[in-house]
Amino acid sequence: MSEIIIPVGSFQGMKSQNKSAILNVVRQHGLISRAEIAKLTKLTPPTVTNLVGELIDTKLVVETDLGESTGGRKPILLSINSTAFHVVGVYAGPKKVKAVAATLDGQVITQVEAKYVDNPTGDQFLKALEEVIRQVIKETNTKKGSILGIGVGMHGLVDSEQGISIFAPHLNLRDIPIKAYLKEQFDLPVEVENDIRAQAIGESWFGLGKDIPNFILFRVGTGVGAGIIIDHQLYRGTSYTAGEIGHTTIDINGPKCSCGNYGCLETLVGGTALARRAQQAIRFGKKSILEEMVHGNLELIDGKILFSAAKQNDQVAMDVLEDTGRYLGIGIANLINTLNPSLIILSGGVFGAADFIMSSLSLTVEKRALAKPAQAVSIVISKLGENAIAIGAFTLLLKKIFTPTGLVDGISETINNKFV
Ligand SMILES: [Zn+2]
């Protein structure tokens, strides 16, 4: 099957854009009549009938008769045939890769995870991605042709237009052609985006950012970064680095960062930073149950051990987490003052210890952000769970399918070629 790329603006292109507009209206409303679609899309009723007919033929849309009758016969309503198709979302993290398959309404149905070999080459990395995708497609056990595409959330610097990982610092790999490789292997549309920015898109469709025009996803993991949504669109910046809040200076005398700078936010709130501060406190003579928990080997202290010590009211652990909340609060106040969002969504393992972090975080934001934007913002913790980035990755595909500007990559044609 070859993909036909329809030029935007051509008659065929217009038709596809209109189809996508209809799909999006159906998706947003759950159940909707043809007449309402015509009203909302401003397309003529015959055009709607015609295009809906095509969408029903492709099995993307189905008819139901659940409409409320107003005396006459029950109106026939349309809905997305969510379970007839699937999308694959991949999180290519610093240490492991995870693939999930989901229905068109974002329900994850299968997932597969694997670790990379030590210090993988570019080829080994691509093979690892290919393997988990093959496995998840196999386990999804669907008819041939039900997979509409693959989205990849890749850590590090990503050129999302070309689908290339420009630099993956934790794997020390450069210029990996993820999109080209996966397209060749699977003959499906592929989208690639930075992991945190992919999650921001996921939050804007399935998470707490749904229908919110201006929000920021703030993620703390091995790295620290933000995905910025402005007017419902992801803001990538001139060279795909917008949102690198982890590399803004918080303490000019702070520790050296992987980026070469000193005192970056990432050096103060990442897992290793927390462990280092706990070790220092103990070496300076503070009493802590952490020592017992790691049998005297302070090098073994990590985020998880720290949280469990804090839960047992260990003062050193609680202090470390409280300081972390303060540093995060400074980073977040900077974002609030710069971008004036209405919502900040926090995500990442450290917020499992939210009870010990949030009060100092909120207090710092209150103190350091300007009053007006601080009053306008809510700060919440993501509910997308452990698959958040993979969910964001397949949302890249769903966006292409369901939004009128997203059709140039051949997805609607993929559907059409399979069913028409
Ligand atoms: Zn840095």
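Our structure's up above, just so we're on the same page.
Position numbers for residues count from 1 along each chain, tracking the sequence in the order it is written. In keeping with the predicted nature of the model, local features appear solely for residues at pLDDT of at least 70, side-chain atom pairs appear and are counted solely at 80 or more, and the whole-chain, interface and lining totals rest on all residues. Neither water nor hydrogens contribute to the side-chain values; these are computed over all heavy atoms in the structure.

Things to note about the overall build of the chain
In step 1: When its secondary structure is counted, the chain shows 15 helices and 15 strands.
In step 2: Taken over C-alpha atoms, the radius of gyration is set against a globule rule of 2.2 Å times the number of residues to the power 0.38. In terms of C-alpha radius of gyration, the chain reaches 24 Å, essentially the compact-globule figure of 22 Å for 420 residues.
In step 3: With the principal axes as the frame, the chain shows a C-alpha extent of 80 × 50 × 40 Å.
In step 4: Throughout this description, buried means an accessible area under 20% of the type-specific maximum (1.4 Å probe, protein chains only), exposed means over 50%, and partly exposed covers the range between. Of all 420 residues assigned to the chain, the portion counted as buried reaches 52%.
In step 5: Taking as baseline every contact in the chain between residues at least 6 positions apart, the subset at least 24 positions apart corresponds to 61%. Numbering of helices and strands runs from the N terminus, with a helix taken as a DSSP run of H or I at least four residues long and a strand as a DSSP run of E at least two residues long. In this description, contact between two residues means that some pair of their heavy atoms is separated by no more than 4.5 Å.

As for the side chain of Ser79
In step 1: Within the secondary structure, Ser79 sits in strand 2 (residues 77-80).
In step 2: The residues contacting Ser79, other than those within four sequence positions of it, are Val26, Gly30, Leu31, Leu60, Val61, Val62 and Thr64.

Regarding the sheet that holds strand 9 (residues 173-176)
In step 1: Two strands are counted as paired when DSSP detects at least two bridges linking them. The three strands lie next to each other as 7-8-9, forming an open sheet whose pairing is antiparallel. Since the sheet does not close on itself, it has two edges, and those belong to strand 7 (157-159) and strand 9, each with one partner. On average, each strand axis in the sheet is inclined to that of its neighbour by 15°, with strand direction left out of account.
In step 2: As paired strands, strand 7 and strand 8 (residues 164-168) are joined by three bridges and run antiparallel to one another. What sits directly across from Leu157, in strand 8, is Phe167. Lines are fitted to the C-alpha atoms to define the axes, a helix being fitted only along its stretch in contact, and any angle between axes, read from their N-to-C directions, falls within 0 to 180 degrees.

The analysis is restricted to geometry; functional conclusions fall outside its scope.
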